[in-house]
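Structural overview for review
What follows is the residue order along each chain.
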Amino acid sequence: MSGLFVTFEGPDGSGKTTQIQKLADYCRAKGYAVVQTREPGGTLISEKIRALILDVNTPEMDDVTEALLYAAARAQHVSQVIRPALKRGDIVLCDRFVDSSIAYQGHARGLGAGVAEINAFAVQGLEPDLTFFLELDPEAGLKRIRKNSNFDRLEQETLAFHRRVNEGYELLRRQYADRYKVVDAAVSEDVLALEIRRIFEVWLAARHSV
Ligand code: TYD
């Protein structure tokens, strides 16, 4: 049996982390085995790479280096955590995946199609079964983040950069319309959690009926 691979995407400040926690709690209460993880990160090696990428003291980081580091962190995460969990039949809830690299590095940084290529190599064909997109105006997202003084190297980017990220996501939403579920992240945490739960249940039921 193979598990379910569910990813969460969206702009910085859209509240993915809280929503993943809420969906994980819900699924566990229903008796599912759930692995809750994030990118960049999820393994010791990937968390070390994360610290390197997000370090505000390395503004000189080349865009290609950045893209390769995200892909390297992802390769380790897929082989060490995600694939074994899916093989066990678990539900994997992952905060960001390849689509983040396509939106941030491919589109907003302007690196283009090479980003999809290095990521195809990094993940060896793994694709999410379902992706929740937490839709929020980039300006509202940045406002939420800037309440917290410890923002990272990517969060320090300009509003123009975050608008380009959003454009990148718009293309992905069209390209992968079958797996993308877009939800309004401007509502309260509890309302959003209920909406995500409802969509997840409908999707699960449809999957079981085929
Ligand atoms: P994340 O921890 O998800 O931040 P947040 O909770 O604020 O959304 O991701 C860290 C940053 O890394 C975030 O600004 C998005 C960026 N990122 C990329 O640029 N490319 C990637 O492939 C991933 C996974 C994240």
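The structure contained in this document is the topic of the report that follows. Counting restarts for each chain, with residues numbered from 1 along the sequence as it is written. Local features are withheld for residues below a pLDDT of 70 in this predicted model, meaning they are given only at 70 or higher, and side-chain atom pairs are given and counted only at 80 or more; totals for whole chains, interfaces and linings count all residues. As a rule here, side-chain values cover all heavy atoms of the structure and leave hydrogens and water aside.

Notes on the packing of helix 3 (residues 63–88) against helix 5 (residues 114–123)
Heads up, the condition is: As a rule, the C-alpha atoms of each element are fitted with a line to give its axis, helices using only the stretch in contact, and angles between N-to-C directions run from 0 to 180 degrees. Counting from the N terminus, the helices are DSSP H or I runs at least four residues long and the strands are E runs at least two residues long. The scheme is simple: roughly parallel for angles under 35 degrees, roughly antiparallel for over 145, roughly perpendicular for 65 to 115, oblique for anything else. We call a crossing left-handed when the near helix sits turned anticlockwise from the far one by less than a right angle, and right-handed when that turn is clockwise. Any pair of residues with heavy atoms lying within 4.5 Å of one another is described as a contacting pair. Three classes are used, and their members are as follows: Ala, Val, Leu, Ile, Met, Phe, Trp, Tyr, Cys and Pro are nonpolar, Asp, Glu, Lys and Arg are charged, and the others, Gly among them, are polar.
Axis separation between helix 3 and helix 5 bottoms out at 8 Å; the angle between their running directions is 25°. It follows that helix 3 is roughly parallel to helix 5 by the angle criterion. For the pair helix 3 and helix 5, the crossing hand works out as right-handed. Contact residues: helix 3 offers A67, L68, A71, R74, A75, V78 and R83, while helix 5 offers I118, N119, A122 and V123. In terms of residue class, the contact of helix 3 with helix 5 is made up of eight nonpolar, one polar and two charged.

Section: the sheet that holds strand 1 (residues 4–9)
Applied cut-off: In this scheme, strands are said to pair when DSSP sees at least two bridges between them.
Pairing is parallel in the open sheet, where five strands are placed in the order 2-3-1-4-5. Unpaired on one side and paired on the other, strand 2 (34–38) and strand 5 (180–184) mark the two borders of the sheet. On average, each strand axis in the sheet is inclined to that of its neighbour by 20°, with strand direction left out of account.

Structural notes on the packing of aromatic side chains
Each aromatic ring pair is characterised by the separation of its centres together with the angle its planes make. The cut-off we apply is this: Pairing of aromatic rings covers Phe, Tyr and Trp, the last counted by its six-membered ring, and requires centre-to-centre distances within 6.5 Å; plane angles under 30 degrees mean stacked, over 60 mean edge-to-face, and any other angle means tilted. Note on classification: 1.4 Å probe, protein chains only; a residue is buried when its accessible area is under 20% of the maximum for its type, exposed when over 50%, partly exposed between these limits. Here, a charge over a ring means that NZ of Lys or CZ of Arg falls within 6 Å of the ring centre while also lying within 35 degrees of the ring normal.
Scanning all chains against the criterion turns up seven aromatic pairs. Ring centres 5.3 Å apart and planes at 35° place the aromatic pair F8 and F132 in the tilted group. Pair noted here: F8 is in strand 1 and F132 is in strand 4 (residues 130–135), with a separation of 124 residues, a long-range link. Across the pair, F132 and F8 agree in class, each one buried. Seen in terms of ring centroids, Y104 and Y169 are 6.5 Å apart; in terms of plane orientation they differ by 90°. Their pairing is edge-to-face. Linking Y104 in helix 4 (residues 98–108) with Y169 in helix 7 (residues 159–175), this pair joins segments that are 65 residues apart in sequence. In this structure Y104 comes out as buried when scored by relative accessible area, which is 6%. Take Y169: its relative accessible area is 0%, and that puts it in the buried class. Cation over ring: R74 sits above F97, and NZ or CZ is 5.7 Å from the ring centre.

Concerning the pattern of salt bridges
Any two side chains of opposite charge can pair if their charged atoms end up close together. As a reminder, the rule being used: Throughout this description, the term salt bridge denotes a Lys or Arg side-chain nitrogen within 4 Å of a carboxyl oxygen of Asp or Glu.
Taken as a whole and assessed by the stated rule, the structure comprises 17 salt bridges. For R109, the salt bridge identified is with D63, shortest N-O distance 3.6 Å. A residue pair is termed long-range when its members are at least 10 positions apart, and R109 in the loop between helix 4 and helix 5 and D63 in helix 3 qualify at 46 residues. In this structure, R179 engages D99 in a salt bridge whose closest nitrogen and oxygen atoms are separated by 2.9 Å. Of the two residues, R179 sits in the loop between helix 7 and strand 5 while D99 sits in helix 4, which places them 80 residues apart along the sequence. In this pair, the class of R179 matches that of D99, namely buried.

Some details on the layout of surface pockets
Unfilled space is identified by rolling a water-sized probe across the atoms. Put simply, the rule is: A pocket here means an open set of points on a 1 Å grid, computed over the protein atoms alone, that has protein on both sides within 12 Å along at least five of seven lines. A cavity is instead a set of points where a 1.4 Å probe fits but cannot get out; residues with an atom within 4 Å of a point line either one. Grid points are joined across faces, edges and corners, and a volume is the space filled by probe spheres set on the points.
Space inside the largest pocket adds up to approximately 600 Å³. Forming the boundary of the largest pocket are 29 residues, of which D12, K16, R50, R96 and E155 lie nearest the centre. Secondary-structure elements contributing two or more residues to the lining of the largest pocket are helix 1 (16–29), strand 2, helix 2 (44–54), helix 3 and helix 4. For the lining of the largest pocket, a count of residues per class yields eight nonpolar, 11 polar and 10 charged.

A few points about the packing of helix 3 against helix 4
Axis separation between helix 3 and helix 4 bottoms out at 11 Å; the angle between their running directions is 175°. Looking at the two axes, helix 3 sits roughly antiparallel to helix 4. In contact with E66, A67, Y70 and R74 of helix 3, helix 4 contributes V98, S101 and Q105. Of the residues belonging to the contact of helix 3 with helix 4, the class tally is three nonpolar, two polar and two charged.

Digging into the environment of Q76
Within the secondary structure, Q76 sits in helix 3. Exposure remark for Q76: the relative accessible area of 23% places this residue in the partly exposed category. For Q76 and Y26, which are 50 residues apart along the polypeptide, the C-alpha to C-alpha distance reads 28 Å. In this view, Q76 contacts T43, I45, S46 and V81; residues no more than four positions away in its chain are not counted.

Treat this as a map of the structure, not an account of what it does.
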